[in-house]
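What follows is each chain in one-letter form.
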Amino acid sequence: MSTAGQVDIGLFLDLESRNGPRHQRAAAAVRDAIRAGRLAPGERLPASRALAADLGVSRWVVVEAYEQLTAEGYLEARRGAGTTVARAAAAQAGPRDDLPSVPPGGKQPHLDLRPGQPDLSAFPRSAWQRAYVAAARSAATDELGYPAAAGMPTLRRTIAHYLRRVRGISASPDEVVITLGTATGVRLLARALVARGASELVVEEPGWQVLPSVARDCGLRITPRAVDEEGLVVEGLPGADAALVTPAHQFPSGAAMSPERRRGLLAWASARGAFVIEDDYDAEFRYDRRPVGALAGLDRRRVAYLGSVSKTLAPGLRLGWLVAPPELRPALDVVLPLHALPSALDQLALARLMESGAYDRHLRTMRHRYRERRDALVAALRRESPGTVVGGIAAGLHLSLPLGDPGRAQEVAASLARAGVLVAGPERYSSTSTGAIVLSYARLPVERAPEAARLIARSLR
Ligand SMILES: Cc1ncc(COP(=O)(O)O)c(C=O)c1O
């Protein structure tokens, strides 16, 4: 396992899929990780002994690989400071394959600050591998059959326990439904609502546009409602059947829903017999205060809760969960068989990862790392652009720079793209017009924060 501030390099290395002697394969794997930008200049590599143990090779193999890469200029070894990725290595890095094309005349992007993904290079590969192998080894024969539509009982038990412990939600394993992520959860809930005769869903404006569009596809009419620094404005909510909210950390403004608004929203739902759909997408990352409990912890009867591992582990796993209010459950049970599920082994592996404590350890490591990255970016932005408001920094993986007018936010986002910095402009998360740009610090190493802030300051000017 990595410690905070030090990359878990075992994550990148897949020696079996390479040819040649082991030390050359290890060197090639580290070189590729640097060239692809998964290891950033200045990042510290694990001690040779630790990495050797992680990879199941002798220490000599790692020492040889490190020496080779030091000779090539990819790594630097300093007495007492260990081995780090050389500052000059950025110049040797090839283009990253996960970045989109740049606008005509723009530079090759070298900072991807678009929100939506965690630091995928920190995915706990070794821990996942152990959990997966253990799941494959010990799965009962029956567990390899068609999974129950609501998910594997083992994972539903684990999630019920996790939600009670971490989010203050009291739900029995039977009440937990495993999904392919939040978007699938919204699809299921929207279908269940429509089957009960519902027609209208209130959504936050601005907000992540994927979820309203999924609900619209299922037949719900979407009514956007304004958000302010206390979250969704609840006063004067229309007579809708449900409201979809991000109370822990509004996306994208970053506001935490205030206690008054929480009470107001639940009172609205109770009075109308409506439901609140709670998208708890990045609640695990709260930095300066204790986490705010989930709305579903206050009222299980009116709140349908959605969570996933997309921000905590990786969206590519497609693993999530929902807890529906008892009144919605019969309608949900009718649509559940239409729903696709994650593979049985993935579900069992996640249960293992959580039960072994490795998931909590990963969250602790990442919370620390993201907090350092957030602090570095906020400090650098304040230095480079004094007077600029930096919003939504208490939690999550992104912050927002409100710029007043949407046209200006679009211009700043385009100017940043030309300078090689990708951020989300207003068109990414607004159905109308909010003038902010949204930046994620999840993948921004501390030492690159000043460079990012300088480029942002230049575009703001
Ligand atoms: C507001 C919001 N909710 C939820 C998610 C996660 O969705 P899923 O669990 O379907 O990957 C995201 C991902 O970007 C998001 O921005």
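Residues numbered from 1 in each chain as written. Predicted model: local features only at pLDDT ≥ 70, side-chain atom pairs only at ≥ 80, totals over all residues. Heavy atoms only, no water.

Applicable threshold: UniProt positions are given in the numbering used here, feature names are shortened, and annotations may be inferred rather than shown by experiment.
The chain has the name PLP-dependent aminotransferase family protein in an unreviewed UniProt entry, where Microbacterium paludicola is given as its organism. Under the heading Sequence similarities (unreviewed entry), UniProt records this for the chain: "In the C-terminal section; belongs to the class-I pyridoxal-phosphate-dependent aminotransferase family."

1. Looking at the site of the ligand
Our working rule: We call a residue near a given molecule or strand whenever any one of its heavy atoms falls within 4 Å of it. Contacts described as polar in this section are N or O atom pairs within 3.5 Å, which, within protein, must combine one atom able to donate a hydrogen with one able to accept it, while residues neighboring in sequence count only if both atoms come from side chains. Using the Shrake-Rupley algorithm and a 1.4 Å probe, accessible areas are obtained, with residue cover drawn only from the displayed protein chains. Note on residue categories: nonpolar means Ala, Val, Leu, Ile, Met, Phe, Trp, Tyr, Cys or Pro, charged means Asp, Glu, Lys or Arg, and polar means any other residue, Gly included.
Around the ligand, a shell composed of Gly116, Gly181, Thr182, Ala183, Trp208, Phe251, Asp279, Tyr281, Ser308, Ser310, Lys311 and Arg318 is seen. Ala183 has a polar backbone atom sitting 3.1 Å from an oxygen atom of the ligand. Interatomic distance of 2.8 Å between a side-chain N/O atom of Ser308 and an oxygen atom of the ligand. Protein coverage of the free-state accessible area of the ligand, which is 400 Å², stands at 94%. Of the residues assigned to the shell around the ligand, the class counts are four nonpolar, five polar and three charged.

2. Regarding empty space enclosed by the protein
For clarity, the threshold we go by: Here a cavity is any set of points on a 1 Å grid over the protein atoms alone where a 1.4 Å probe fits but cannot get out, and a pocket is any open set with protein on both sides within 12 Å along at least 5 of 7 lines; a residue lines the site when it has an atom within 4 Å of a point. Grid points are joined across faces, edges and corners, and a volume is the space filled by probe spheres set on the points. Residue ranges labeled as domains rest on an automatic or database domain assignment.
This structure, assessed with the given rule, holds four cavities of 30 Å³ or more. Quantified by volume, the second largest cavity comes out at close to 60 Å³. Along the walls of the second largest cavity sit Pro115, Gly116, Gln117, Phe251, Tyr281, Asp282, Lys311, Leu397, His398 and Ser440, which together make up its complete lining. Along the lines of polarity and charge, the residues of the lining of the second largest cavity split into four nonpolar, four polar and two charged. Of the residues that make up the lining of the second largest cavity, three or more belong to each of domain 2 (130-356) and domain 3 (360-460).

3. So, the sheet that holds strand 9 (residues 275-279)
The strands making up a sheet are joined through hydrogen bonds of the backbone, oriented either antiparallel or parallel. Cut-off, in case you're wondering: For two strands to be treated as a pair, DSSP must find no fewer than two bridges joining them. Runs of H or I in DSSP of at least four residues are treated as helices and runs of E of at least two as strands, each being numbered from the N terminus. Any two residues having at least one pair of non-hydrogen atoms within 4.5 Å are treated as being in contact. Geometry is summarised by axes, namely lines fitted to C-alpha atoms with helices restricted to the contacting stretch, and by angles between N-to-C directions that run from 0 to 180 degrees.
The eight strands lie next to each other as 4-11-10-9-8-5-6-7, forming an open sheet whose pairing is mixed. The sheet terminates laterally at strand 4 (176-179) and strand 7 (231-232), the two strands that pair on one side only. Inspection of the sheet shows strand 6 (residues 221-228) paired to strand 7 by two bridges, in the antiparallel sense. Bridged to Val227 within strand 7 is Leu232. Against the sheet, helix 6 (residues 153-167) makes contact with strand 4, strand 10 (303-308) and strand 11 (320-323), and its axis sits at roughly 110° relative to strand 4, the strand it touches most. Against the sheet, helix 8 (residues 210-217) makes contact with strand 5 (200-205), strand 6, strand 8 (242-245) and strand 9, and its axis sits at roughly 160° relative to strand 6, the strand it touches most.

4. A few points about the packing of aromatic side chains
Condition: Pairing of aromatic rings covers Phe, Tyr and Trp, the last through its six-membered ring, and needs centres within 6.5 Å; plane angles under 30 degrees mean stacked, over 60 mean edge-to-face, and all others mean tilted. A 1.4 Å probe rolled over the protein chains alone gives each residue an accessible area, and that area as a share of the maximum for its type sets the label: buried under 20%, exposed over 50%, partly exposed in between.
Overall, the coordinates contain six aromatic pairs when judged by the stated rule. For the pair Tyr162 and Trp321, a centre-to-centre distance of 6.4 Å together with 75° between the ring planes defines the contact as edge-to-face. Of the two residues, Tyr162 sits in helix 6 while Trp321 sits in strand 11, which places them 159 residues apart along the sequence. Accessibility expressed as a relative area gives 2% for Tyr162, which makes it buried. Note on Trp321: relative accessible area 1%, which makes it buried.

5. Remarks on the pairing of strand 2 (residues 82-85)
With four bridges joining them, strand 1 (residues 75-78) and strand 2 adopt antiparallel strand pairing. Considered in strand 2, the bridge of Arg78 is made with Gly82.

6. Points about the packing of helix 6 against helix 11 (residues 344-355)
Selection criterion: When the near helix sits turned anticlockwise from the far one by under a right angle, the crossing is termed left-handed; a clockwise turn instead gives a right-handed crossing.
Running from amino to carboxyl end, helix 6 crosses helix 11 at an angle of 35°, the nearest separation of the two axes being 8 Å. Crossing hand, helix 6 versus helix 11: left-handed. Across from Thr154, Leu155, Thr158, Ile159 and Tyr162 in helix 6, the residues of helix 11 making contact are Gln347, Leu348, Leu350, Ala351, Met354 and Glu355. For the contact of helix 6 with helix 11, a count of residues per class yields seven nonpolar, three polar and one charged.

7. Observations regarding the confidence of the model for the chain
For the record, the criterion: By definition, pLDDT measures how confident the predictor is in each residue, and it falls between 0 and 100.
Averaged over the chain, the pLDDT score is 88; the fraction of residues at 70 or greater is 90%. In the model, residues 1-5 has pLDDT below 50 throughout and makes 11 contacts with residues more than four positions away in sequence or in other chains. In this model, residues 91-104 is a region of pLDDT below 50 whose contacts with residues beyond four sequence positions or in other chains number 24 contacts.

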